[in-house]
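# Per-entry structural report
So the chains spell out like this:
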Amino acid sequence: MENNGQTAPKKIRKSLPVSFHYTLMTIPGFLWMIAFSIVPMVGILMAFQNYMPKKGWFGSEWVGLSNFTYLMSLGDVWNIVRNTLVIAIGKLVLNIVIPLVFAILLNEVKNVAFKKSVQTIVYLPHFISWVILANIVGNIFGFFGIFNSVYTAFGNEPKMWLTDPNLFQGFVIGTDVWKEFGYNAVVFLAALTGISPSLYEAAAIDGASRWQSIRNITLPALIPTVVLLTTLAMGNVLNAGFDQVFNMYSPMVYSTGDIIDTYVYRIGITNMQFSLATAVGLFKSVVSFTLITVSYVLAYKFADYTIF
Amino acid sequence: MVENKTFLSRLFDVINVLILLLLAVSCLYPLWYTFCVSVSDKIAVSSGQVTMFPIGFNINSYKLVMGDAKFWNSFWISVQRVVFGTVFTMVVIIMMAYPLSKNKREYKPRNFMMWALIFCMLFNGGTIPWFITVKTYGLMNTMAALVLAGSVPVFNVILLMNFFRNLPSDLEEAASIDGAGPWRILWQIVVPCSVPVIATVVLFTSVGFWNEFFQGLVLMNSDDMYPLQTYIKQIVVQIPVGVTLTAEQYQQLNQNSNKALEAAKVFIAMIPMLIVYPFLQKYFVNGITLGAVKE
């Protein structure tokens, strides 16, 4: 390919090296990235300033770490970090365990048509936005919603599921697991298609029970995937899911439902305390970046996983 | 397959099928419920009588939505956003992914570019600096912001790149011997050979643009520029900032809103999604397994 330039010297355009054209191709993408990913990184400066929109990023007064010390002195921050951790870790664990169990159960079904139909249906919620799902879930679990109709039929008092601070975290985790389990099971199901049916046949001939073949054939085939997913999930420890929480929470559940991202939104966009909000965001970005990098390195070392 | 049917094994099969059925129903029911609410009587809805079937069937809510100019305005903005956004994103990331699919020998800056991309995927400046940046560019309240503000979808670039990399290199060599330059090779050889992965990314991208609500909320400062999802977000009970309502007041607020009308809007917002779903279904399994895990 590189001798292309030498064999076709007639046209000037062709005599330019191939790599020149390659660079031309990447330019729009990199410009886009610089404008909307790199330039905002410069804005991190705001975390160390008393940012004034009129003075800009390079004219505002420098205040060192005082935004951070001020944040530490506010009680909210620890509460918010705790909420974030509880919700995020709950999701991380259950978003691996539940899809794993689901994939194993589905693998036990012999009827192909049934298997395919179930699979097709359970992917659906993944593609619906949280704006819409939060609305629907809110109706189902609202005070006058269908869930309470069923709940009270068993002789219980109706509850306000979405506005009870004690229930909110569990609620967020549960609905997220419900939305994503089908989608998350795809990787497990892909791993399962790699198991040779002759293994199950041999096990059956040897008199292995259902449970024994699940434990000794199915599960071991899935363990590498579980290990890999767990490692990669580490980077999401501070990601409790902005879209979901933002669409589901209300002032009544701030005590347990407010997470880093929603806090940043409220103090930054709503109250326009840009510097403080940037400082909180920076804390999250740095911790997440460190964790993701560590997790990728681990995944590469132990599972030969590379992203590119 | 050798069948080994004990009583317990049969029992397991029955329970297993029941569990899976229940899960499948749980994924479909919310959609069905929303549909039922949207075609039911307003009063029946607010008193919680609608469960499995519509009560007092009528299409008043849909008639109301039909005449709602704001709703259709937002719908149209979302449609434009999906079309412009997807076309722009695809052209840019295909061009970006192709040189990156070359190895370091064929294209020197490749590794450096790759690390820059990965860095931008893993680290970001945070919501506020991003918001101020877009504002400084003067993009507030423009369609350009709705298309561009999300920056390069790095994960999709990697997906495309990995696919391009696995195409047989003979194809490109043959084309280049026949005198095709890099641009021609990309658009006439590589792209037509990569239909499955491109279809996957097109679907991911368009669904992403359709579902996105946050940029619409913070970057559009008048509601006539809201995309549909942002519009839907706004029709749900609004509580003024800084006001803490008691549980009873909140319930009251909730009661006064027209749930049937809301459900009709939500349902219409889901329809485009439901239309592309069969295609999505077909391609996205590829998409995820190609990239091992979705970020």
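Cut-off values and rules
- Residues numbered from 1 in each chain as written.
- Chains lettered and ligands numbered in written order.
- Predicted model: local features only at pLDDT ≥ 70, side-chain atom pairs only at ≥ 80, totals over all residues.
- Heavy atoms only, no water.
- Helix = DSSP H or I, 4+ residues; strand = E, 2+ residues; numbered from the N terminus.
- Buried < 20%, exposed > 50% of the residue type's maximum accessible area, 1.4 Å probe, protein only.
- Contact = heavy atoms within 4.5 Å.
- Areas by Shrake-Rupley, 256 points an atom, 1.4 Å probe, with all protein chains shown as cover.
- Core = buried A, V, L, I, M, F, W, Y, C linked by side-chain atoms within 4.5 Å.
- Buried area = accessible area lost by both parts, 1.4 Å probe.
- Salt bridge = Lys/Arg side-chain N within 4 Å of Asp/Glu carboxyl O.
- Polar contact = N/O pair within 3.5 Å; in protein donor to acceptor, adjacent residues only side chain to side chain.
- pLDDT = per-residue confidence, 0-100.
- Phe/Tyr/Trp six-rings, centres within 6.5 Å; stacked < 30°, edge-to-face > 60°.
- Bend = angle between axes of the 7 residues up to and from the residue.
- Patch = residues over 30% accessible without salt bridge, like charges linked within 9 Å, V, L, I, M, F, W, Y side chains within 5 Å.
- Axes fitted to C-alpha atoms, helices over the stretch in contact; angles between N-to-C directions.
- Parallel < 35°, antiparallel > 145°, perpendicular 65-115°, else oblique.
- Left-handed = near helix turned anticlockwise from the far one by under 90°.
- Nonpolar A, V, L, I, M, F, W, Y, C, P; charged D, E, K, R; others polar.

With that out of the way, let us pick up the overall build of chain B. Along the backbone of chain B there are 15 helices and 0 strands. Put simply, chain B has 295 residues, and 52% of those count as buried. In chain B, the proportion of contacts linking residues at least 24 apart, taken out of those at least 6 apart, comes to 72%. Summing over all exposed atoms, chain B offers an accessible surface of approximately 13,600 Å²; the carbon and sulfur share of this is 67%.

Take the nonpolar core next. Among the nonpolar cores identified, the biggest contains 192 residues, and Phe-127 of chain A together with Leu-117, Phe-131, Leu-160 and Leu-219 of chain B are the most heavily contacted of them. With 14 residues, the single largest contributor to this core is helix α10 (residues 165-193) of chain A. Once residues within four sequence positions are removed from consideration, Leu-160 of chain B is found in contact with Ile-93, Ile-94, Ala-97, Val-197, Ile-198 and Val-201 of chain B.

This part is about the interface of chain A and chain B. At the interface, 96 residues of chain A touch 119 residues of chain B. When chain A packs against chain B, close to 9,800 Å² is buried across both sides, 76% of that on carbon and sulfur atoms. Salt-bridge contacts for Asp-13 of chain B lead to Arg-210 of chain A; the nearest nitrogen and oxygen are separated by 2.5 Å. Put simply, chain A and chain B have 18 residue pairs in polar contact (both at pLDDT 80 or more) between them.

Our next topic: the side chain of Gln-169 of chain A. All names here are of chain A. Inspection of the secondary structure assignment puts Gln-169 in helix α10. One polar contact links Gln-169 to Asn-83, side chain to side chain, over a distance of 3.2 Å. With residues near it in sequence (within four places) discarded, Gln-169 still touches Asn-83, Val-86, Ile-87 and Thr-256.

Further remarks concern the confidence of the model for chain B. Residue and element names in this part refer to chain B. With 87% of its residues at a pLDDT of at least 70, chain B reaches an overall mean of 87. In this model residues 291-295 is a low-confidence stretch, pLDDT under 50, and it forms 16 contacts with partners more than four residues away in sequence or in other chains. Two summary scores accompany this predicted model of the complex, namely pTM at 0.88 and ipTM at 0.87.

Phi at Asn-141 of chain B is positive, roughly 65°, even though this residue is not glycine. The topology assignment puts Asn-141 of chain B in the loop between α6 (127-136) and α7 (143-148).

Residue and element names in this part refer to chain A. Inspection of every chain in the model, using the stated rule, returns 36 aromatic pairs over all chains. When the centroid spacing of 5.9 Å and the interplanar angle of 75° are considered together, the rings of Tyr-51 and Phe-274 count as edge-to-face. On the criterion of sequence distance, the pair formed by Tyr-51 in the loop between β1 (49-50) and α4 (56-59) and Phe-274 in helix α16 (residues 274-303) is long-range, its members being 223 residues apart. Taking the relative accessible area as the measure of exposure, Tyr-51 reaches 10% and is therefore buried. Pairing Phe-127 with Tyr-183 gives two aromatic rings, centres 6.1 Å apart and planes at 85°, and the pair type is edge-to-face. Taken together, the residues Phe-127 in the loop between α7 (112-122) and α8 (130-140) and Tyr-183 in helix α10 connect sequence positions 56 residues apart. One exposure class covers both Phe-127 and Tyr-183, and it is buried.

Time to look at helix α12 (residues 210-233) of chain A. Leu-219 of chain A marks where α12 of chain A bends most, by close to 40°; the proline Pro-220 of chain A follows one to four residues later. For α12 of chain A, the full list of buried residues reads Arg-210, Ser-213, Ile-214, Ile-217, Thr-218, Leu-222, Thr-225, Leu-228, Leu-229, Thr-231, Leu-232 and Ala-233 of chain A. Looking at the buried side of α12 of chain A, the elements it contacts are α6 (76-107), α10, α11 (197-205) and α16 of chain A together with α1 (7-38) of chain B.

Bringing the pattern of salt bridges into the picture now. Tallied over the full model, the rule gives 10 salt bridges over all chains. Two residues, Asp-223 of chain B and Lys-70 of chain B, come together in a salt bridge whose shortest N-O distance is 3.3 Å. Taken together, the positions of Asp-223 of chain B in the loop between α12 (214-219) and α13 (228-235) and Lys-70 of chain B in helix α4 (residues 69-100) put the pair 153 residues apart, joining distant regions of the chain. Relative accessible area serves as the criterion here: at 39%, Asp-223 of chain B is assigned to the partly exposed category. Two residues, Glu-212 of chain B and Arg-81 of chain B, come together in a salt bridge whose shortest N-O distance is 3.1 Å. Of the two residues, Glu-212 of chain B sits in the loop between α11 (195-211) and α12 while Arg-81 of chain B sits in helix α4, which places them 131 residues apart along the sequence. Owing to a relative accessible area of 19%, Glu-212 of chain B belongs among the buried residues under this scheme. On the basis of relative accessible area, Arg-81 of chain B is assigned to the buried category, the value being 1%. Shared partners join several salt bridges into a network, and the residues in it are Glu-108 and Arg-210 of chain A together with Asp-13 of chain B.

The next thing to look at is a nonpolar patch on the surface. A surface patch of nonpolar side chains, about 570 Å² in accessible area, is lined by Leu-16, Phe-20, Leu-24, Ile-27, Leu-31, Ile-34 and Ile-38 of chain A. Among the residues examined, Leu-24 of chain A registers a relative accessible area of 36% and is labelled partly exposed.

With that settled, consider the packing of α10 of chain A against α12 of chain A. Residues and elements named next belong to chain A. The interhelical angle for the contact between α10 and α12, taken along N-to-C directions, is 140°, at an axis separation of 9 Å. With respect to each other, α10 and α12 are oriented oblique. For the element pair α10 and α12, the recorded crossing hand is right-handed. Contacts between α10 and α12 involve Val-187, Phe-188, Ala-191 and Leu-192 from the former and Thr-218, Ala-221, Leu-222, Thr-225, Val-226 and Leu-229 from the latter. Residues of the contact of α10 with α12, tallied by class, amount to 8 nonpolar, 2 polar and no charged.

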